[in-house]
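For reference, the chains in residue letters:
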Amino acid sequence: MLQLDQIPLKQIHGVSALKEGELHAFGIFNVQDMLEYYPFRYEDYRLRSLSEVKDGDKITVQAKIMGIPVLQRYGRKSRLTCKLMAEDWMFTATWFNRHFLKDQLTSGREIVVTGKWDLKRMQMTVSDSEFPDKGVARSGTLQPVYSIGGKITQSWMRKTMNQTLQQFGEMIPEILPELLVRKYSMMPRKKAITGIHQPEDNREGQEARRRMVYEELFLFQLKMQAFRALNRGRADGVVHTVDNATVREFVRSLPFELTDAQKKVELEILHDLRSPYCMNRLLQGDVGSGKTVVAAIGLFATVRSGFQGALMVPTEILAEQHMRSLQKLFEPFGISVGLLTGSTTGKKRKELLASLQMGLLDIVVGTHALIQEDVYFRQLGLVVTDEQHRFGVNQRSILRRKGYNPDVLTMTATPIPRTLAITAFGDMDVSTISERPKGRIPISTYWVKHDLMDRVLGFISREVDQGRQAYLICPLIEESEKLDVQNAIDLHIQMQQAFPNYHVGLLHGRMTPAEKEEVMRSFYANEVQLLISTTVVEVGVDVPNATLMIIMDADRFGLSQLHQLRGRVGRGSHASYCILVADPKSEVGQERMKVMTDTDDGFEVARRDLDLRGPGDFFGTKQSGLPEFRLADMVADFEVLEKAREDATDLIKDSSFWTSPQYEVLRGYLQKEQIFQGDLID
Ligand code: ADP
Ligand code: MG
């Protein structure tokens, strides 16, 4: 039988070549992809009784048309009203810009209307209507809502999904072993996929989702456990031979004493470096906890063992910063550090690549420019990635493949609960820096409304007059980098007028790398006292003399982003402040402000963030660096994840898994995922 992933989209009736191209943009390339393109929520068109609904609810009711519709026109706009009767309730229905409906609203005819219910005025603002005598499509059902865009409309997607299910639904194969389907009383796969797109009711939708969430997590775990089983005991990693005395000499040269947490992590890393197994370690620590220096110790040990090290970061600003601080630390030891970013070009780039390849350069710091094809190392021994959630799995593994089984350290400021990290990353070890350096004064966070902006400006003068520096972050305009930039430019002009005696800098994503570098350099050097910026300073930037972070329209940012931004201050010995300027309209926005003012502990912020988002937010793990799934949310579905892991482990241990015909589909799946070619999984 033909596999669904081999059937091209154009076999679906109604999918033209043009539409096919549009679907590609969503990662849909064949019938299987189409069927696995799940809705992220449903719209409820089920019929309700007016006696049980609340004021403000969005509802669907069936009613009878009473009397004569009234149409008012205002230029190109119009308003159509008509009396309707549902059960014993007489109410007014209002349509905007649907003048063409007027002739169809004949007295006595049945109609199904969907809209917002206003109990006090006994009226409904109608968003959708259908006439039962012409047949209904939506009414009485839950309608899927897909993430779409471009020329694909919601109704086209619904229609096409329906068509796909009709043509190919019968061909959907079961892929889970019978045993597991029965163990959890799950729906068969065919029913679950149909049920996710077109649930009869909430219960069926939930059951369908439960089945597919389990399946996703199970396949993910199966892949990881299979890989483990096939690679267990492969001791062919790089062995670093550095001795303790040499490392201690470097640690003593640092300008501060390591915290206990840093020391503990340092030992864990050194242990891994010396072992013949490949290190695959995740280092997590709140912003400002001092991860960079721990990476530096690892890099030092690598170079002293005769290997090269690479440090990959997500932005050029960060690359420059790490480059400078590593150079300072390594200079006395004669260790060379190079910088490779998108702006390293021409002769400079050629020379750098040559010295990397010949082993003349010990350490290279860079952006994703490091993973370009023509970058070669002589002997890559350690790969470090900072702010790992900003990189895709592929980017990290390309860098790793530039050496022969180098050790790998990934760093993140987004705290992931330990149990979750272990389950999610399988054989990745986790180290946590749980304390910040001594002598840090906690950051005081305030939330003010826009009408207090004068006071905020006063605060800026106070800090700057004491020799400190400040950041002012512009509002985030979703999906419009252009507006972001315009905002930054406007604010910059305003602030220059407000503070004629200070140097006010400007930083945004549309500047050239050289311009950005110059602005950051002058901010590091305190030649600029107030830096107006978009979120480009969000990750990693370290200017200890900056003590004030002001975030405009703070309620537009997510909690983890706010915490990251706040982490730009509180990095030195001076008291630091974060001021959130916001008049939040939504409850969630207010709640975010409250979380930020309640705590500056990143783990606590992350926990409250999860509470706020709640389960069912399918996109909830985006920022956390956890693997992403179509349906499953590692955090919300954690219990399922654990069960799936146990089941996968048991199955892999069972020798019949590798031979019995009943597992052929699953083996085929692993084959497709290239497990047998020894592809590492992050
Ligand atoms: P992050 O974990 O956010 O990447 P950084 O590595 O940038 O944090 O460190 C934040 C600041 O703290 C840097 O200026 C760094 O030099 C300093 N720092 C790191 N470790 C210590 C320590 N043990 N004592 C004092 N300051 C430290
Ligand atoms: Mg950092």
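The rules we used
- Residues numbered from 1 in each chain as written.
- Chains lettered and ligands numbered in written order.
- Predicted model: local features only at pLDDT ≥ 70, side-chain atom pairs only at ≥ 80, totals over all residues.
- Heavy atoms only, no water.
- UniProt positions renumbered as here; feature names shortened; annotations may be inferred.
- 1 Å grid on protein atoms, 1.4 Å probe; cavity = no way out; pocket = protein on both sides within 12 Å on 5 of 7 lines; lining within 4 Å.
- Points joined across faces, edges and corners; volume = space filled by probe spheres on them.
- Nonpolar A, V, L, I, M, F, W, Y, C, P; charged D, E, K, R; others polar.
- Salt bridge = Lys/Arg side-chain N within 4 Å of Asp/Glu carboxyl O.
- Buried < 20%, exposed > 50% of the residue type's maximum accessible area, 1.4 Å probe, protein only.
- Core = buried A, V, L, I, M, F, W, Y, C linked by side-chain atoms within 4.5 Å.
- Helix = DSSP H or I, 4+ residues; strand = E, 2+ residues; numbered from the N terminus.
- Contact = heavy atoms within 4.5 Å.
- Near = heavy atom within 4 Å.
- Polar contact = N/O pair within 3.5 Å; in protein donor to acceptor, adjacent residues only side chain to side chain.
- Areas by Shrake-Rupley, 256 points an atom, 1.4 Å probe, with all protein chains shown as cover.
- Expected span 1.5 Å × (residues − 1).
- Arc of directions from axis to C-beta.

Looking up the chain in an unreviewed UniProt entry gives the name ATP-dependent DNA helicase RecG, with the organism given as Paenibacillus kribbensis. Its UniProt record gives the chain a comment under Sequence similarities (unreviewed entry), which states: "Belongs to the helicase family. RecG subfamily."

Following the criterion strictly, the structure yields six cavities of 30 Å³ or more and no others. As a volume, the largest cavity reaches approximately 70 Å³. Around the largest cavity, the lining residues are Val-287, Gly-288, Arg-436, Arg-440, Ile-443, His-563, Arg-566, Gly-567, Val-569, Gly-570, Arg-571 and Asp-600. The class makeup of the residues in the lining of the largest cavity is three nonpolar, four polar and five charged.

Before going further, it helps to spend a moment on the pattern of salt bridges. Enumeration according to the criterion identifies 31 salt bridges in this entry. The shortest N-O distance in the salt bridge between Lys-263 and Glu-257 comes to 3.2 Å. Here Lys-263 falls in the partly exposed class, since its relative accessible area comes to 32%. Note that Arg-556 is salt-bridged to Asp-553, the shortest N-O span being 3.7 Å. Using a relative accessible area of 41% as the deciding quantity, one classes Arg-556 as partly exposed. Each member of the salt-bridge network shares a partner with another, and the members are Glu-36, Glu-174, Arg-189, Arg-211, Glu-215 and Arg-630.

Our next topic: the nonpolar core. One finds Leu-23, Met-157, Phe-218 and Leu-222 to be the most contacted residues of the largest nonpolar core, which totals 55 residues. Mapped onto this core, the elements with two or more residues apiece are α2 (31–35), α3 (154–168), α4 (178–183), α5 (189–197), α6 (202–231), α20 (638–653) and α21 (664–672). For this core, the element with the highest residue contribution is α6, accounting for 11 residues. In this structure, Leu-222 is in contact with Ala-648, Leu-651, Ile-652, Phe-657, Leu-666 and Leu-670, ignoring residues within four places of it in sequence. Membership of the second largest hydrophobic core comes to 41 residues, among which are Val-242, Val-293, Val-303 and Val-365.

Inspection of the region around ligand 1 gives 17 residues, with Glu-257, Gly-288, Thr-292, Arg-440 and Asp-542 positioned closest. At a separation of 2.6 Å, an oxygen atom of ligand 1 approaches a polar side-chain atom of Arg-440. If ligand 1 stood free it would expose 570 Å²; the protein chains cover 84% of that surface.

Here helix α18 (residues 587–598) contains 12 residues, and its C-alpha end-to-end distance of 16 Å stays within 8% of the 16 Å for a straight helix at 1.5 Å per residue. Looking only at α18, the buried set comprises Gly-589, Arg-592, Met-593, Val-595 and Met-596. Here the buried residues of α18 occupy an arc of 160° about the axis, which is enough to place them on one side.

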